[in-house]
Amino acid sequence: MRQSYGKTLVELGNENPDIVVLDADLSRSTMTQLFAGEFPNRFFDCGIAEQNMVGIAAGLAASGKIPFASTFAVFAPGRCFDQIRMSIAQPKLNVKLVTTHGGISVGEDGTSHHSIEDLSLICSLPGFTVIVPADAIETAQAVRVAATSYGPFYVRLCRPKVPLVYDQDYRFNLGKAVTMRQGKDVTIIAMGLMVSAALEAADDLMREDIDCHILNISTLKPIDKVAIISAAAETGAIVTAEEHLEHGGLGSIIAQVIARHYPVPIEFVAIKDTYAQSGESAELLQRYGLTAKDIKQAVRSVIKRKGG
Amino acid sequence: MVTPVAPCQQWRLTVVYCRLLRHKPSDPQWSDRDRFVLSKGHAAPLLYAALAECGYFPVDELLTLRQMDSRLQGHTDRAVTPGVEMSAGALGQGLSFTIGITLAGRLNSQDYRAYVLLGDGECDEGQIWEGAMAAAHFKVDNLTAIVDNNRQQIDGWNRDVMNLDPFNSKWLAFGWHVIEVDGHDFTQLIDAFNQAKMVKGQPTVIIAHTIKGKGVSFMENNPYFHGKAPNAEEVEIALKELE
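Here, residues in each chain are numbered from 1, in the same order as that chain's written sequence. Starting at A for chains and at 1 for ligands, labels are handed out in the order in which the entities are written. Whole-chain, interface and lining totals are the exception, using all residues; otherwise, since this is a predicted model, local features are given only for residues with pLDDT of at least 70 and side-chain atom pairs are given and counted only at 80 or more.

Participant: Before we go on, may I ask you to explain the overall build of chain A in this structure?
Facilitator: The secondary structure content of chain A amounts to 12 helices and 12 strands. Taking 19 Å as the expected radius of gyration for a compact globule of 308 residues, we find that chain A reaches 19 Å, a close match to that expectation. Its C-alpha atoms give chain A principal-axis dimensions of about 60 × 40 × 35 Å. In this scheme every C-beta is placed from the backbone, and a residue whose C-beta has 20 or more other C-beta atoms within 10 Å is buried, one with 12 or fewer is exposed, and one in between is partly exposed. Buried residues in chain A amount to 60% of all 308 residues. The contact criterion used here is simple: two residues whose C-beta atoms, placed from the backbone, lie within 7 Å are in contact. Across chain A, the fraction of contacts at a sequence separation of at least 24, relative to all contacts at a separation of at least 6, is 79%. Segments assigned H or I by DSSP are reported as helices when at least four residues long, segments assigned E as strands when at least two residues long, and all are numbered from the N terminus. Only C-alpha atoms enter the radius of gyration; for comparison, a globular chain is expected to reach 2.2 Å times N to the power 0.38, where N is the number of residues.

Participant: Just to check I follow, could you spell out the packing of helix H8 (residues 194-206) of chain A against helix H12 (residues 292-307) of chain A for this structure?
Facilitator: Two packed helices can be described by the angle between their axes and the distance between those axes. Residues and elements named next belong to chain A. As a packed pair, H8 and H12 sit with axes 8 Å apart at the nearest point and diverge in direction by 55°. One element, H8, and the other, H12, form an angle in the oblique class. The two elements H8 and H12 meet at a crossing, and its hand is right-handed. Residues Ala-197, Ala-198, Glu-200, Ala-201, Asp-204 and Leu-205 of H8 form the contact with H12, whose own contacting residues are Ala-292, Ile-295, Lys-296 and Val-299. Residues belonging to the contact of H8 with H12 are distributed by class as follows: 7 nonpolar, no polar and 3 charged. Axis definition: a line fitted to C-alpha atoms, over the contacting stretch in the case of helices. Angles run 0 to 180 degrees between N-to-C directions. Should an angle fall under 35 degrees it is taken as roughly parallel, and over 145 as roughly antiparallel, whereas 65 to 115 is taken as roughly perpendicular and any remaining angle as oblique. Crossings are assigned a handedness: left-handed for a near helix turned anticlockwise from the far helix by less than a right angle, right-handed for a clockwise turn. Following the grouping adopted for this structure description, the nonpolar residues are Ala, Val, Leu, Ile, Met, Phe, Trp, Tyr, Cys and Pro, the charged ones are Asp, Glu, Lys and Arg, and the polar ones are all others, Gly among them.

Participant: What is the right way to look at the environment of Gly-175 of chain B in this model?
Facilitator: Residues and elements named next belong to chain B. Mapped onto the elements, Gly-175 comes out in the loop between helix H6 (167-173) and strand S6 (177-182). C-alpha separation for the pair Gly-175 and Thr-204, spaced 29 residues apart in sequence, amounts to 9.2 Å. Excluding its chain neighbours within four sequence positions, the residues that come into contact with Gly-175 are Ala-136 and Gln-202.

Participant: How should helix H7 (residues 136-148) of chain A be read in this particular structure?
Facilitator: Counting along an α-helix, one turn takes 3.6 residues, and residues three or four places apart therefore face a common direction. All names here are of chain A. A helix is expected to span 1.5 Å multiplied by its residue count minus one. Helix length check: H7 (13 residues) gives 19 Å between terminal C-alpha atoms against 18 Å at 1.5 Å per residue, within 8%. Counting buried residues in H7 gives 10 out of 13 residues, a clear majority hidden from the surface. Contact partners of the buried residues in H7: helix H1 (2-15), strand S1 (19-23), strand S3 (66-72), strand S4 (96-100), strand S5 (129-131) and strand S6 (153-156).

Participant: So what exactly am I meant to see when it comes to the interface of chain B and chain A here?
Facilitator: Interface extent is often summarised as the accessible area lost during association of the parts. The interface is formed by 19 residues belonging to chain B together with 23 residues belonging to chain A. Of all the elements in the fold, those that place two or more residues in the side of chain B that touches chain A are helix H3 (94-107) and helix H4 (126-137) of chain B. A total of 10 residues in the side of chain B that touches chain A trace back to one element, the largest contributor, which is H3 of chain B. For the side of chain B that touches chain A, the class distribution of residues is 9 nonpolar, 8 polar and 2 charged.

Participant: Got a minute to help me understand the pairing of S6 of chain B in this structure?
Facilitator: Consecutive side chains of a regular strand alternate in pointing toward one face of the sheet and then the other. Residue and element names in this part refer to chain B. Residues His-177, Ile-179 and Val-181 point to one face of S6 and are all buried, whereas Val-178, Glu-180 and Asp-182, pointing to the other face, are not buried. At least two bridges found by DSSP between two strands is the condition for calling them paired. Taken together, the 6 bridges between S6 and strand S7 (residues 204-209) define a ladder with parallel strand orientation. Its bridge partner lying in S7, Asp-182 is registered against His-209. Taken together, S6, helix H7 (residues 186-198) and S7 constitute a β-α-β crossover, and its handedness is right-handed. Orient the strands so they point away from the viewer, and a crossover whose first-strand-to-second-strand path over the helix runs clockwise is right-handed.

Participant: Even after reading the chapter, I still don't get the domain arrangement of chain A, so can you show me in this structure?
Facilitator: All names here are of chain A. For chain A, the assigned domains read domain 1 (2-156) and domain 2 (178-307). Of note, the centres of domain 1 and domain 2, computed from C-alpha atoms alone, are 26 Å apart. The interface is formed by 23 residues belonging to domain 1 together with 27 residues belonging to domain 2. Listing elements by their share of the side of domain 1 that touches domain 2, those giving two or more residues are helix H6 (118-123), S5 and H7. Taken together, the residues of the side of domain 1 that touches domain 2 sort by class into 11 nonpolar, 9 polar and 3 charged. An automatic or database domain assignment supplies the residue ranges for each domain.

Participant: Even after reading the chapter, I still don't get the pairing of strand S12 (residues 266-271) of chain A, so can you show me in this structure?
Facilitator: All names here are of chain A. Where burial is concerned, most of S12 is hidden: 6 out of the 6 residues are buried. For strand S11 (residues 238-245) and S12, the ladder comprises 5 bridges, and the chain directions are parallel. Each bridged residue has a counterpart across the sheet, and for Val-239 the counterpart in S12 is Glu-267. Crossover connection from S11 via helix H10 (residues 250-261) to parallel S12: handedness right-handed.

Participant: Just checking my understanding: could you explain the sheet that holds S6 of chain A for this structure?
Facilitator: In a beta sheet, neighbouring strands are held together by backbone hydrogen bonds and run either parallel or antiparallel to one another. Residues and elements named next belong to chain A. Taken in spatial order, the 7 strands make up an open sheet running S2-S1-S3-S4-S6-S5-S10, and their pairing is mixed. Pairing within the sheet leaves two strands with one partner each, and these edge strands are strand S2 (43-45) and strand S10 (219-221). Averaged over all pairs of adjacent strands, the angle between strand axes in this sheet comes to 20°, irrespective of strand direction. In this structure, S5 lies alongside S10, joined through 2 bridges in antiparallel fashion. Directly across from Ile-131, in S10, lies its bridge partner Thr-219. Along the sheet, H7 makes contact with S1, S3, S4, S5 and S6, crossing S6 at roughly 170°.

Printed below as a string of structure tokens:
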């Protein structure tokens, strides 16, 4: 994902001289270094000062530039929430925050670097568009769409390599959920690296005669209500899956849509009300309940409730 | 918060707009305009009055200040007020924003200048010093910061609440060209603005020593009036003294 982001920035930089990039001393990890290498005069390393980076990005946007500002997801919005609120969201400036190292799959760096609240924070800001791509192909597409659509964007990437769930012909459609698989018994609504886990879970569940419908919500805000409501109507049960706290992320947003428009049983695969710890990415996902196995368990539970 | 002592400083901002900035009130988004960023957003009424006098909107509209549906919000809002460059009010954010404006000007080979008005109390915020470091690092010599150095903040004198001294040396140490002026002296202010234009390779800060509530005997240097409106009797006395 990160490599894909860096390469796409370079392409965009070639296409549009108004694209500028900022980083906060993490350009080797966020991969904005690829842009820095090609366009040194349009790259601004702000040092370890995220609040200042956000303000500079806002000033660039107010002067007609299209700034991409990157750091780890735990530091933006976490470290600079008020700056994002007042300098970007309130005046609706054309700043693109693309953060990497979302979630707990960051791994060994531990709690200080695990971003599990970022989506809740950023979705709370009026006017922000929030995208969580599922793989490298969708990342490239989403970054392109962010560059060409006016307004504040937040794109959240993760650290580890994730399996491709899309082919090269895929075209990201802003604000539209993607049907990854047709099914009739339950809908799994997944985001980010949980999409491949959902696909794996659905294959296994087929052997138990459970036919899963799978939606990838990559645009978390504004959410595709139509797709969610029709999935609820057609399958009668929903499981959400995200690499984020249970509160304030995908599950919360879907629950609000469902409660208002088409109430059906829902189960949530997400991090419970806790911080994680150091460990390998796969170990952490397993310990904190973010695997295909956890999705299968949630599907079985929700189907029971549906039957009851 | 309303800042009743601000109107006493009104003439200074109007002078800045009328005499020192290159701008077109008929075209607030003119790409080559000089930018004036009010970082201390609570001084919004001063800015509104200066903008109205320049013709950005009718002077009568000033009476709608802080009322429902007014374009003149309690703190500045760039989305609704013509001529307002930045939404401010959460202190400490204006310098960073202004750096972005100056970097864009440099990338575009535009010769506009950007000015940012900071409060001295506002310089308690860490982001100001992140910005101070970055402005010098990026050598934005098209940026001038002006600090309204009235030595007071809401809870009292700066030196008692959070000491900023030595203020001048802090900016010097961060790599800025520093000019100190009597903020109530037109000539000194204008000279400082012109001197800043000549400085190459580093940003300039004009530390304007001011007296809060200047010209109104009972408001001068009285932190009591920082965020408190005078009563009717006090207004009458103040207006007489300012005549």
